[in-house]
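# Tertiary structure, described
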Amino acid sequence: MVWFTIIIGILLFLLIVISLSTIHISIYFVHRNDNSNIQINFKMYHFLKYKLNVPLIMVDAQDHSVKIREEKETTLGQKKEKRKITFLQLKNQYQSFKKMLKHINHFYQILAAFLKKMRMKKVEWHSAIGLGEASSSAIAAGAVWGFKGIAIQVLNTFFKLEESPNVSVVPVFQGMHSETRFSCMISFKIGHAIVVMLKILKSWRIVSRSAKVNSEYMTGGM
């Protein structure tokens, strides 16, 4: 009985520590003409780290698929792999996601409340664009400025921005050019994520139970 109490106490202590722990996510995206690179770093404390690097993204014109090369690095080692994502796969995943949302009440409210508890800082978004001539490049730069303004407003609506984003757009008047560099840091408590998952599961069970009751009522319990 004493050992059982000790084990339960240790498990509760670990659950509390994990719930109060913070996950830090660093996102880096670089696009320059035909080359793109995405790097996402996950860190909890100083010894639990995970890095996902996608240094190459190519679009296959024949089957309209996206080819990516991933590099995963953890505290246990490094792993490289190639993946191929088709638009049909993305469509199927989107349809599955829509079906899942139908079974969850107030999903958007739950997600919005969770995102608002996330802290976002060090947002930097720098771009350069050129369309071959001065007038077209200036118009394109203005359009990009407008798009970034809307995007920053959306980020400020859903996330808790701790600092003002550092944003710039530079028109390139000599030749065709497209370049974007985006980076930010996001952090949240694991306990908040656990609460969100519990709310989603609770909502899922309520909707599933209601659907089952309605089905039995319509079929006369048969």
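Our structure is the block above this text.
Residues numbered from 1 in each chain as written. Predicted model: local features only at pLDDT ≥ 70, side-chain atom pairs only at ≥ 80, totals over all residues. Heavy atoms only, no water.

## What about the pairing of strand β9 (residues 176–189)?
- Here strand β1 (residues 22–32) runs beside β9; their pairing, made up of 11 bridges, is antiparallel. Bridging across to β9, His 31 finds its partner in Thr 180.
- In terms of strand pairing, strand β6 (residues 119–131) meets β9 through 11 bridges, oriented antiparallel. For Glu 124, the partnering residue across the bridge sits in β9 and is Ser 183. (Pairing = 2+ DSSP bridges. Helix = DSSP H or I, 4+ residues; strand = E, 2+ residues; numbered from the N terminus.)

## Here we look at the side chain of Ser 127
- As for its placement among the helices and strands, Ser 127 is situated in strand β6.
- One polar contact links Ser 127 to Thr 180, side chain to side chain, over a distance of 3.4 Å.
- Each residue touching Ser 127, except ones within four places of it in the same chain, is listed here: Val 144, Lys 148, Ser 168, Val 169, Val 170, Glu 179 and Thr 180. (Polar contact = N/O pair within 3.5 Å; in protein donor to acceptor, adjacent residues only side chain to side chain. Contact = heavy atoms within 4.5 Å.)

## A word on the packing of helix α3 (residues 107–117) against helix α4 (residues 134–158)
- It is the contact of α3 with α4, at a shortest axis distance of 7 Å, that shows an interaxial angle of 95°. With respect to their mutual orientation, α3 and α4 come out roughly perpendicular. In this structure, α3 contributes Ala 112, Leu 115 and Lys 116 to the contact, and α4 contributes Asn 156, Thr 157 and Phe 158. (Axes fitted to C-alpha atoms, helices over the stretch in contact; angles between N-to-C directions. Parallel < 35°, antiparallel > 145°, perpendicular 65-115°, else oblique.)

## Points about the packing of aromatic side chains
- Counted under the stated rule, the structure contains 4 aromatic pairs.
- Judged by centre distance (5.9 Å) and plane angle (50°), the ring pair of Phe 42 and Tyr 50 falls under tilted.
- For Phe 42, a relative accessible area of 31% translates into the label partly exposed.
- The interplanar angle of 80° and the centroid separation of 6.1 Å between the aromatic rings of Trp 125 and Phe 147 together place this pair among those described as edge-to-face. You can see Trp 125 sitting in strand β6 and its partner Phe 147 sitting in helix α4, a full 22 residues away along the chain.
- Look at Phe 147 and you get exposed, because its relative accessible area is 54%.
- Three or more aromatic residues link up through ring pairs in this structure, and these residues are Trp 125, Phe 147 and Phe 182. (Phe/Tyr/Trp six-rings, centres within 6.5 Å; stacked < 30°, edge-to-face > 60°. Buried < 20%, exposed > 50% of the residue type's maximum accessible area, 1.4 Å probe, protein only.)

## Some details on the pattern of salt bridges
- This structure, assessed with the given rule, holds 3 salt bridges.
- The partner of Glu 162 in a salt bridge is Arg 119, and the shortest N-O contact between them spans 3.0 Å. Residue Glu 162 is located in the loop between β7 (160–161) and β8 (166–171), and its partner Arg 119 is located in strand β6; the two are separated by 43 residues in the primary sequence.
- Residue Arg 119 is classed as partly exposed on the basis of its relative accessible area of 37%.
- The salt bridge involving Arg 181 is made with Glu 179; its shortest N-O contact spans 4.0 Å.
- On the accessibility criterion, Arg 181 (41% relative accessible area) is partly exposed. (Salt bridge = Lys/Arg side-chain N within 4 Å of Asp/Glu carboxyl O.)

## A closer look at the nonpolar core
- Residues Met 118, Met 120, Val 123, Phe 159, Cys 184 and Ile 186 are the most contacted members of the largest nonpolar core, which totals 20 residues.
- Here Met 118 is in contact with Phe 159, Lys 160, Ile 186, Ser 187 and Phe 188, once residues within four sequence places are set aside. (Core = buried A, V, L, I, M, F, W, Y, C linked by side-chain atoms within 4.5 Å.)

## Notes on unusual backbone geometry
- With a phi angle near 55°, Lys 122 is a residue other than glycine that sits in the positive phi range.
- Relative to the helices and strands, Lys 122 is located in strand β6.
- Judged by its relative accessible area of 46%, Lys 122 falls in the partly exposed class.

## Quick word on the environment of Val 170
- By secondary structure assignment, the location of Val 170 is in strand β8.
- Apart from the residues within four sequence positions on either side, Val 170 is in contact with Ser 127, Ala 128 and Ile 129.

## Some remarks on the side chain of Ser 187
- Along the chain, Ser 187 turns up in strand β9.
- Those residues in contact with Ser 187 that sit more than four places away from it in its chain are Thr 22, Ile 23, His 24, Lys 117, Met 118 and Arg 119.

## Concerning the pairing of β1
- Relative to strand β2 (residues 35–44), β1 runs antiparallel, the two sharing 9 bridges. Bridging from a neighbouring strand, Ile 27 pairs with Ile 40 of β2.
- Hairpin geometry of β1 and β2 is characterised by an intervening segment of 2 residues between the two adjacent antiparallel strands and by a positive phi of about 55° at Asn 33.

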